[in-house]
Amino acid sequence: MALGILIPTTIFAIVAVVVAAVAFVGARWRSGEGVLVTFGTVLLAYFSLMSLVSFLVMASGLTAGVKAGLTVPLGRGFSYWTPPRTRLAPAMPPGETGKPVDLKQQPVPQEELDRQEREVGRQYQEDLLQGATLAVIGGLVWAAHTVGRRRLSVVDPGAGAFFGKAYTTTALAIFGVVGIIALPVGVYEALRYVVIQPDEFSGRQPPGGTLAAALIFVPIWLYYLNAVVRRSQKESA
């Protein structure tokens, strides 16, 4: 789930920053400035892009960690698919002739249940490891590039303000889209998990991954939405 979110949002961030850089150069060209692109402008575009991507990496890591963490109070089945303990199997070997082969409810062998339980445990450990790795590395890279972006914005206030708006708007769009999709789907899956009891031959669809994405992306989306509204009000005042 974490990498499934990270890849398309990263592509969107790259496209958005490239479009912002082209728009900035076009605005300078229309204003008649002699130097359209400076090294500082290139660095600002770079720092903006890397800040966005590393922030997405950190958010994806937090999503994986929350997905694993939800299983502590709610059980492994909340975030990881666990197969049923009974299944329909032929009542007699299908190789025999002259006799009908009927399906009969039979318990899943204990060895198979143990193997499936070990697989769920492995997925849980992978999510913890992946979440911690992405969150820590992404957070460090984001912090370093955010500092660089803010320092360059002081050197070139015009470019800094432009790429600052582009950064905030792009982050708002990314986290807004993911959050708006993940929130209702996650709530629905959680309610279905609690309310609707599956039959004895099918497992439950775990809602933990989608709900974890909503728990991480929706607060960030609301933060950037508030930042955009406050900046708009400040500029119009």
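Please refer to the structure placed before this passage.
Rules of the game
- Chains are numbered independently. Their residues run from 1 in the order of the written sequence.
- For a predicted model such as this one, the threshold for reporting local features is a pLDDT of at least 70, and the threshold for listing and counting side-chain atom pairs is 80 or more; totals across whole chains, interfaces and linings nevertheless cover every residue.
- To get the side-chain values, take all heavy atoms of the structure and skip hydrogens and water.
- Among buried residues, those of type Ala, Val, Leu, Ile, Met, Phe, Trp, Tyr and Cys that are joined through side-chain atoms within 4.5 Å constitute a nonpolar core.
- Partly exposed residues are those whose accessible area sits between 20% and 50% of the maximum for their type, while under 20% is buried and over 50% is exposed, using a 1.4 Å probe and protein chains only.
- A run of DSSP states H or I qualifies as a helix once it reaches four residues; a run of E qualifies as a strand once it reaches two. Both are numbered from the N-terminal end.
- By definition in these notes, contact holds between two residues if any of their heavy atoms fall within 4.5 Å.
- Polar contact is defined as a pair of N or O atoms within 3.5 Å, subject to the rule that within protein one atom must be able to donate a hydrogen and the other to accept it, and that residues adjacent in sequence are counted only when both atoms are side-chain atoms.
- Each reported salt bridge corresponds to a side-chain nitrogen of Lys or Arg within 4 Å of a carboxyl oxygen of Asp or Glu.
- Only the six-membered ring of Trp is used, alongside the rings of Phe and Tyr, when aromatic pairs are assigned; centres must lie within 6.5 Å, and planes under 30 degrees apart are stacked while those over 60 apart are edge-to-face, with the rest tilted.
- The rule for a charge over a ring is simple: NZ of Lys or CZ of Arg within 6 Å of the ring centre, and within 35 degrees of the ring normal.

K.L.:
Tell me what's going on with the nonpolar core, and back it up with residues and numbers.
P.N.:
If you look at the biggest cluster of nonpolar residues, it comprises 27 residues, and the most contacted ones within it are Phe175, Phe217, Ile220 and Tyr224. Counting only elements with at least two residues in this core, the list comes to helix 1 (2-30), helix 2 (39-69), helix 5 (157-195) and helix 6 (208-236). With residues up to four places along the chain from it excluded, the contact list for Phe175 reads Phe55, Leu56, Ala59, Phe217, Ile220 and Trp221. In this structure, Phe24, Leu44, Leu152 and Ala159 belong to the second largest nonpolar core, which totals seven residues.

K.L.:
An account of the side chain of Thr63 is requested, with residue identities and associated values reported.
P.N.:
As for its placement among the helices and strands, Thr63 is situated in helix 2. Polar side-chain contacts of Thr63 include one of 2.9 Å to the backbone oxygen of Ala59. If sequence neighbours within four positions are ignored, Thr63 has contacts with Gly209, Ala212, Ala213, Ile216 and Phe217.

K.L.:
I'd like to hear about the pattern of salt bridges, residue by residue, with values.
P.N.:
Counting across every chain of the model gives three salt bridges. Between Glu126 and Arg122 there is a salt bridge, and its shortest N-O distance comes to 2.4 Å. With Glu126 and Arg122 both in helix 4 (residues 110-155), this residue pair falls four residues apart, about one helical turn. The exposure class of Glu126 is partly exposed, given its relative accessible area of 43%. Through salt bridges with shared partners, a single ionic network connects Glu119, Arg122 and Glu126.

K.L.:
Could you give an account of the packing of aromatic side chains, naming the residues involved and the relevant values?
P.N.:
According to the stated counting rule, one finds ten aromatic pairs in the structure shown. Ring centres of Phe78 and Tyr193 lie 5.3 Å apart, and the angle between their planes is 85 degrees; on these two criteria the pair is classed as edge-to-face. Of this pair, Phe78 sits in the loop between helix 3 (71-74) and strand 1 (86-90) while Tyr193 sits in helix 5, and the two are 115 residues apart along the sequence. Here the two residues Phe78 and Tyr193 agree in accessibility, since each one is buried. The interplanar angle of 70 degrees and the centroid separation of 6.4 Å between the aromatic rings of Tyr167 and Tyr224 together place this pair among those described as edge-to-face. Taken together, the positions of Tyr167 in helix 5 and Tyr224 in helix 6 put the pair 57 residues apart, joining distant regions of the chain. Neither Tyr167 nor Tyr224 differs from the other in exposure class; each is buried. These aromatic residues form a ring-pair network of at least three members: Phe55, Trp142, Tyr167, Phe175, Phe217, Tyr223 and Tyr224. The ring of Tyr124 has Arg76 sitting right over it, with the charged end atom 3.7 Å from the ring centre. Sitting above the plane of the Tyr167 ring, Arg149 keeps its charged end 4.1 Å from the centroid.

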